Amino acid sequence: MTGNQSIRGSVDKIDPDQLTIVPLRHPWRWVAVALVLVSVAAMIRSAISNPEFQWPIVAQYLFNPLILDGLWKTLLITVVVMILATLGGTFAALMMLSPSKLLSVPAAVFVWFFRGTPALVQLIIWYNLSIVVKDFTLWLPGIGTLYSVSTNDIMTPLVSAIVALSLHESGYMAEIVRSGLRSVNKGQYEASACLGMKPSLALRRIVLPQAMRIIIPPTGNETINLLKTTSLVSIIAVGDLLYSAQSIYARTFETIPLLLVVSFWYLAVVSIMSVGQFYLERHFSRDEHRNNIGLTKAILGNLAKIGRKEALA
Amino acid sequence: MTAPRTHHSRFGIASTTMVHAKGIRKSYGHLEVLKGVDLTVPSGSVACIIGPSGSGKSTFLRCINHLEEINAGLMLVDGDFVGYRLEGNKLYELPPSAICQRRAEIGMVFQQFNLFPHMTVLENLIEAPVRVKREPVAQATAKAIDLLQRVGLAEKRDSYPRQLSGGQQQRVAIARALAMNPKVLLFDEPTSALDPELVGEVLEVMKSLAREGITMVVVTHEIGFAREVADQLVFMDGGVVVESGNPREMIANPQSPRTREFLARVL
Ligand SMILES: Nc1ncnc2c1ncn2[C@@H]1O[C@H](COP(=O)(O)OP(=O)(O)O)[C@@H](O)[C@H]1O
Ligand SMILES: [Mg+2]
């Protein structure tokens, strides 16, 4: 107390312009930084000097046609599965939110089943569907068989992979979309209804755009997860990125360099996806920023900036 | 005041009546919230509903535009049902699309504003006219700007709702309802969520609407506003209309002891 009083007494004599603020020092932080730097340096050094990494071979295979073909398959499966899973998940989420138990219970069971069993198991089951279902038949009473096709003809490895992963991912997307829809205030539905908007229009224009804010971050994570989960399809001989690499190193035994090639491409795609996610998130929360700019404007702006820098250089 | 329209309704009720409610009953489970409410609101007039919290005012208002289904009674807006179609002596529930068409003619302003937060003020105003009534964007925009001027917010057209004060948001909400050219405007405690110094600006806008002859049903705790603007004051308690009549007379000389007690508390 006395100390405070003495400060208060002398406060008038202090010239505020003469005062400097001494920030709190964090000595242990510097020790931690030093440790991190040393270990990173050690890792880089061993990675470069260890001949087993075979960096020249990594470079040689990076743009190998077989690898690029596998990369293309991986991207294709990811995109197709994500589209189907988003549609399926939204549908299941709407069913789960329905007041009718006849709709909400089946949807909940669907989610429970496809989220609760491992993707790898579902993949193998769909791949082996022909064991249980020999062929698909469209049969109408009184008319007879209209159309019949053998299961093995339809369920190619690629189709099995897409069906299995889509159903699995739908389970996750349903939960994500459901929590997003539930986050939107009930008053928003009522305001739309009072303006004469049909439920479908209100969903599309009012509710979903607001739910997107909650939906996008976990969906971004799911997409990145899915990209990596697609490597499971190599088990059923779909020629994805991992499968292509495996088929090469099965011949040449250059296992580590080819797995480095695979890692490089996965990392590259994930990085690009993260940038996309950033802009999507910003697009759907544009009312939160004062200087709001939309996705297209943001990208165009960035391109323009790059162009300007090049012009200056 | 504009002259009330007088065309003839299918049900013989003079269509100078905008809202005609008779014996409205509504229950939530075992709780009967409305126990036979009667109310007639002539075209171009203002009805103010007052009453203690929980007396069923909001529920009644929401029955007018069929946000809530009624369990019994007759609810006509501009001479026609909102949620039903009469055939013989049966009322058939309408599909959502038909109900929406009818609802588009009934504006509603909420206590919590319920503006669309992801849209600018202008987008909030033109959304329904463009998407529901299929008005051309240019025409809807021109009308929206006009309405924003009327509520004194022309310069806020490109703001997002969260950048506005509560009073400004509520004025935008009123403009948004007006953009649909409603036959009647319902207000559910439009100033109850506002800071006291912002109440006046919203009431001013509502007074100007009343002067223009827009039919309004207003649930409010602002007795001063009711006395000045209302053509009819309605006191609800326990799910029934206890008393209704000329606001000045009713406030000066309430007939029912319940009304007297309530007014003594709020005045
Ligand atoms: N959706 C609902 N489910 C169950 N009870 C409700 C619901 N809405 C309102 N109520 C009940 O109905 C009664 C009247 O509510 P309300 O119409 O909001 O009254 P007021 O607007 O006059 O305050 C209250 O007891 C309230 O708890
Ligand atoms: Mg209420």
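## A word on unusual backbone geometry
Residue and element names in this part refer to chain B.
Then step 1. Phi at D78 takes a positive value of approximately 50°, unusual for a residue other than glycine.
Then step 2. Turning to its location among the elements, D78 is positioned in the loop between β4 (72-77) and β5 (80-81).
Then step 3. Exposure remark for D78: the relative accessible area of 10% places this residue in the buried category.
Then step 4. Non-glycine residue N114 carries a positive phi angle of around 55°.
Then step 5. Locating N114 in the fold gives a position in the loop between β8 (106-109) and α3 (121-131).
Then step 6. Looking at N114, the relative accessible area reads 8%, which means it is buried.

## Some words on helix α3 (residues 55-62) of chain A
All names here are of chain A.
Then step 1. Three or more residues of α3 are buried, namely I57, V58, Y61 and L62. One side of α3 carries all its buried residues, which in axial view fall inside an arc of 140°. Opposite the packed face of α3, turned more than 90 degrees from it, sit the exposed residues P56, A59 and Q60.
Then step 2. Buried residues along α3 sit against α4 (65-97), α12 (241-252) and α13 (255-284).

## Here's the deal with empty space enclosed by the protein
Residues and elements named next belong to chain B.
Then step 1. This model, assessed by the stated rule, comprises 3 cavities of 30 Å³ or more.
Then step 2. The volume enclosed by the largest cavity comes to roughly 70 Å³.
Then step 3. Together, C63, H66, I70, G73, L74, M75, F81, V82, G83, Y84 and L91 line the largest cavity.
Then step 4. Here the element with the most residues in the lining of the largest cavity is β4; it accounts for 3 residues.
Then step 5. Here the lining of the largest cavity is built from residues that sort into 8 nonpolar, 3 polar and no charged.
Then step 6. Computed from the structure, the second largest cavity encloses a volume of approximately 60 Å³.

## Observations regarding the packing of aromatic side chains
Then step 1. Under the defined criterion, the tally for this structure stands at 6 aromatic pairs over all chains.
Then step 2. Seen from their ring centres, A:F110 and A:F114 are 4.9 Å apart, and the 50° between their planes marks the pair as tilted. With A:F110 and A:F114 both in helix α5 (residues 101-116) and 4 residues apart, the pair spans about one turn of that helix.
Then step 3. On the basis of relative accessible area, A:F110 is assigned to the partly exposed category, the value being 24%.
Then step 4. Look at A:F114 and you get buried, because its relative accessible area is 13%.
Then step 5. Residues A:F278 and A:Y279 carry aromatic rings whose centres are separated by 5.2 Å and whose planes lie at 75° to one another, so their mutual orientation is edge-to-face.
Then step 6. For A:F278, a relative accessible area of 46% translates into the label partly exposed.
Then step 7. Through pairs of rings, three or more aromatic residues link up here, namely A:F63, A:F264 and A:W265.
Then step 8. The residue whose ring lies beneath B:R176 is B:F116, and the NZ or CZ to ring-centre distance is 4.4 Å.

## Some thoughts on the sheet that holds strand β12 (residues 240-245) of chain B
Residues and elements named next belong to chain B.
Then step 1. Reading across from one edge, β8-β9-β10-β3-β11-β12 is the order of the 6 strands in this open sheet, with mixed pairing throughout. Looking along the sheet, the strands with just one partner apiece sit at the ends: β8 and β12. Going from strand to strand, the sheet's axes swing by 20° on average, the running direction of each strand aside.
Then step 2. Bridge count between β8 and strand β9 (residues 184-188): 4 bridges; the pairing is parallel. Among the inter-strand pairings, M108 is bridged to a residue of β9, identified as L186.
Then step 3. Seen against the sheet, helix α5 (residues 166-178) touches β8 and β9 and runs at an angle of roughly 175° to β8.

## Concerning the site of ligand 1
Residues and elements named next belong to chain B.
Then step 1. Around ligand 1, the structure places Y28, V33, P52, S53, G54, S55, G56, K57, S58 and T59.
Then step 2. Contacts to ligand 1 include G56, whose backbone N or O atom sits 3.1 Å from an oxygen atom.
Then step 3. S58 is positioned such that a nitrogen or oxygen atom in its side chain is 2.6 Å from an oxygen atom of ligand 1.
Then step 4. For ligand 1, the protein covers 58% of the area, taking 560 Å² as the surface of the free molecule.
Then step 5. Element by element, the count of residues in the shell around ligand 1 is highest for helix α1 (residues 57-64), at 3 residues.
Then step 6. Residues of the shell around ligand 1, tallied by class, amount to 3 nonpolar, 6 polar and 1 charged.

## Concerning the side chain of B:S45
Then step 1. Note on placement: B:S45 falls in the loop between β2 (31-42) and β3 (46-50).
Then step 2. Residues in contact with B:S45, not counting those within four places in the same chain, are B:I214, B:T215, B:M216 and B:D231.

## Observations concerning the pattern of salt bridges
Then step 1. Counted under the stated rule, the structure contains 19 salt bridges over all chains.
Then step 2. Across the pair B:E68 and B:R62 runs a salt bridge whose closest N-O atoms are separated by 3.0 Å. The same class applies to B:E68 as to B:R62, namely buried.
Then step 3. As a salt-bridge pair, B:R131 and B:E127 come within 3.8 Å of each other at their nearest N and O atoms. Of this pair, B:R131 and B:E127 both sit in helix α3, 4 residues apart, which is roughly one turn of that helix.
Then step 4. By relative accessible area, which is 32% here, B:R131 ends up partly exposed.
Then step 5. The class of B:E127 is buried, set by a relative accessible area of 5%.
Then step 6. Shared partners join several salt bridges into a network, and the residues in it are A:K186, A:E190, B:K26, B:R62 and B:E68.

## As for a nonpolar patch on the surface
Then step 1. On the surface, A:I131, A:V132, A:V133, A:F136, A:I154 and A:V159 cluster together to form a nonpolar patch covering roughly 500 Å² of accessible area.
Then step 2. Within the secondary structure, A:I131 sits in helix α7 (residues 129-132).

## Quick word on the interface of chain B and chain A
Then step 1. Chain B puts 26 residues into the contact, and the matching count from chain A is 26 residues.
Then step 2. Per-residue buried area on chain B facing chain A is highest for B:F116, B:H118 and B:Y160; these three make up 24% of the total on that side.
Then step 3. Taken together, the connections running from chain B to chain A amount to 2 salt bridges.
Then step 4. In this assembly, chain B and chain A are joined by 5 residue pairs in polar contact (both at pLDDT 80 or more).
Then step 5. Of all the secondary structure elements, the ones that give two or more residues to the side of chain B that touches chain A are α2 (96-103), β8 and α3 of chain B.
Then step 6. Here the side of chain B that touches chain A is built from residues that sort into 15 nonpolar, 5 polar and 6 charged.

## Some words on the nonpolar core
Residues and elements named next belong to chain B.
Then step 1. Counting 50 residues, the largest nonpolar core has I174, F187 and M216 as its most contacted members.
Then step 2. Broken down by element, this core gets its largest block of residues, 8 residues, from helix α6 (residues 196-211).
Then step 3. When residues no more than four places from it in sequence are discounted, the contact partners of I174 are V109, F187, V202, V205, M206 and L209.
Then step 4. Membership of the second largest hydrophobic core comes to 41 residues, among which are I24, L39, V41 and M108.

Rules behind the numbers
Residues numbered from 1 in each chain as written. Chains lettered and ligands numbered in written order. Predicted model: local features only at pLDDT ≥ 70, side-chain atom pairs only at ≥ 80, totals over all residues. Heavy atoms only, no water. Helix = DSSP H or I, 4+ residues; strand = E, 2+ residues; numbered from the N terminus. Buried < 20%, exposed > 50% of the residue type's maximum accessible area, 1.4 Å probe, protein only. Arc of directions from axis to C-beta. Contact = heavy atoms within 4.5 Å. 1 Å grid on protein atoms, 1.4 Å probe; cavity = no way out; pocket = protein on both sides within 12 Å on 5 of 7 lines; lining within 4 Å. Points joined across faces, edges and corners; volume = space filled by probe spheres on them. Nonpolar A, V, L, I, M, F, W, Y, C, P; charged D, E, K, R; others polar. Phe/Tyr/Trp six-rings, centres within 6.5 Å; stacked < 30°, edge-to-face > 60°. Lys NZ or Arg CZ within 6 Å of the ring centre and 35° of its normal. Pairing = 2+ DSSP bridges. Axes fitted to C-alpha atoms, helices over the stretch in contact; angles between N-to-C directions. Near = heavy atom within 4 Å. Polar contact = N/O pair within 3.5 Å; in protein donor to acceptor, adjacent residues only side chain to side chain. Areas by Shrake-Rupley, 256 points an atom, 1.4 Å probe, with all protein chains shown as cover. Salt bridge = Lys/Arg side-chain N within 4 Å of Asp/Glu carboxyl O. Patch = residues over 30% accessible without salt bridge, like charges linked within 9 Å, V, L, I, M, F, W, Y side chains within 5 Å. Buried area = accessible area lost by both parts, 1.4 Å probe. Core = buried A, V, L, I, M, F, W, Y, C linked by side-chain atoms within 4.5 Å.

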